[in-house]
Amino acid sequence: MSSSSVSELKERHIAATETVNSLRQRLNHKRLQLLDTDIAGYAKSQGKSPVAFGPTDLLCCRILQGHTGKVYSLDWTPEKNRIVSASQDGRLIVWNALTSQKTHAIKLPCAWVMTCAFSPGGQSVACGGLDSACSIFNLTSPTDKDGNIPVSRMLSGHKGYVSSCQFIPDENNYLITSSGDQTCVLWDINTGLRTSVFGVEFQSGHTADVLSVSISNSNSRMFVSGSCDATARLWDTRVASRAARTFHGHEGDVNSVKFFPDGNRFGTGSDDGTCRLYDIRTGHQLQVYSPPHQQQGGTVPDAPMVTSIAFSISGRLLFAGYSNGDCLVWDTLLAKVILNLGSVHNSHEARVSCLGLSADGSALCTGSWDTNLKIWAFGGHRKVI
């Protein structure tokens, strides 16, 4: 190829890049014009008042101590009283949340674990990390001579680290993983094979590491993913090649995604310090949850990053963990912080890296880089929201 052809290609590439950036700016401007109101604005106009919530309404009732490294991930069993946690110490620990007792301590083949999840039946746990694989452990398997539970299935195929895994609701044999290779994968655990790969065939997939997935409880064919490309995407497991919808608005990595209880909306948490609520039917951003020191929807330098989110049973409360050790409880409807667990007695001493709500919504568990997990129970006089 001649030098003139190369220079011509470079010029065309530069021109195309400028066109794409210009179109992107126009799209963002149009999007902002369409956002004439948000949920909080409408709720205020209807005279809605915030949830009354005090420091005694969510109390730390258990501290789960046993990990010797940073806690990266946790998950509750559907029957509510067991928790699995994954730590930089290279172990999975299964806890009885009612007694704080450790029922299993699983030494992992790869110490760099980033995610863990219980199967719907609670008999198995899955984990993944920098080994680019998802390992399944059957908790009923006999231990080996060293007292360790052997891996019952290794799901290999990702070309990057496994950042998140979640079993399909009511399906012990299928799970979805997200990865640093920019894809998500639906696995058949029985065969160990990939059923579908999401985001590889068309340019509608993520363009950077995928960090989180959440499967809809109301329609298990739908799941959302969050990525370092600052977007969240909605997928239908029947149409693996193309994302059903892409959601814009964040100005940093989307670290956590979680479906709203009704399945029509989902929340996100990002490095830009905000949480957001999106509608999967319209693709619109419904609300931004910016901590008090941030302007609404904006970002400030060195703002604490959102690491993980969860909704209460009704969706009225949004729980968000932050890199500075805060854990804010938001009134989802009015976008008001009603409690900061980082400022109460027994708060974490480092980044809150993960959190999750028990199946019946009666307790919240938070995990931290301080190596501990804490279980927060709703005060006796307060009903689960």
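## With respect to a nonpolar patch on the surface
A surface patch of nonpolar side chains, about 300 Å² in accessible area, is lined by Trp-112, Met-114 and Leu-130. In this fold, Trp-112 is placed in the loop between β5 (102-107) and β6 (113-118).

## Digging into the sheet that holds strand β25 (residues 336-340)
Whenever strands of a sheet pair, they do so through backbone hydrogen bonds, lying parallel or antiparallel. Sheet architecture is open: 4 strands sit in the order β22-β23-β24-β25, paired in antiparallel fashion. Two strands in the sheet have a free side with no partner beyond their single neighbour: β22 (306-311) and β25. Averaged over all pairs of adjacent strands, the angle between their axes in this sheet comes to 25°, without regard to strand direction. Relative to β25, strand β24 (residues 327-331) is paired through 4 bridges, and the arrangement is antiparallel. For Trp-330, the partnering residue across the bridge sits in β25 and is Val-337.

## Observations regarding the sheet that holds strand β17 (residues 245-247)
What the 4 strands build is an open sheet, ordered β14-β15-β16-β17; its pairing is antiparallel. This sheet does not close on itself; its edge strands, each paired only once, are β14 (210-215) and β17. Sheet twist, expressed as the average angle between the axes of neighbouring strands with direction ignored, equals 20°. Across 3 bridges, the pairing between strand β16 (residues 232-236) and β17 is antiparallel. Within β17, the position partnered with Leu-234 by the bridge is Arg-245.

What counts and how
- Residues numbered from 1 in each chain as written.
- Predicted model: local features only at pLDDT ≥ 70, side-chain atom pairs only at ≥ 80, totals over all residues.
- Heavy atoms only, no water.
- Patch = residues over 30% accessible without salt bridge, like charges linked within 9 Å, V, L, I, M, F, W, Y side chains within 5 Å.
- Areas by Shrake-Rupley, 256 points an atom, 1.4 Å probe, with all protein chains shown as cover.
- Salt bridge = Lys/Arg side-chain N within 4 Å of Asp/Glu carboxyl O.
- Helix = DSSP H or I, 4+ residues; strand = E, 2+ residues; numbered from the N terminus.
- Pairing = 2+ DSSP bridges.
- Axes fitted to C-alpha atoms, helices over the stretch in contact; angles between N-to-C directions.

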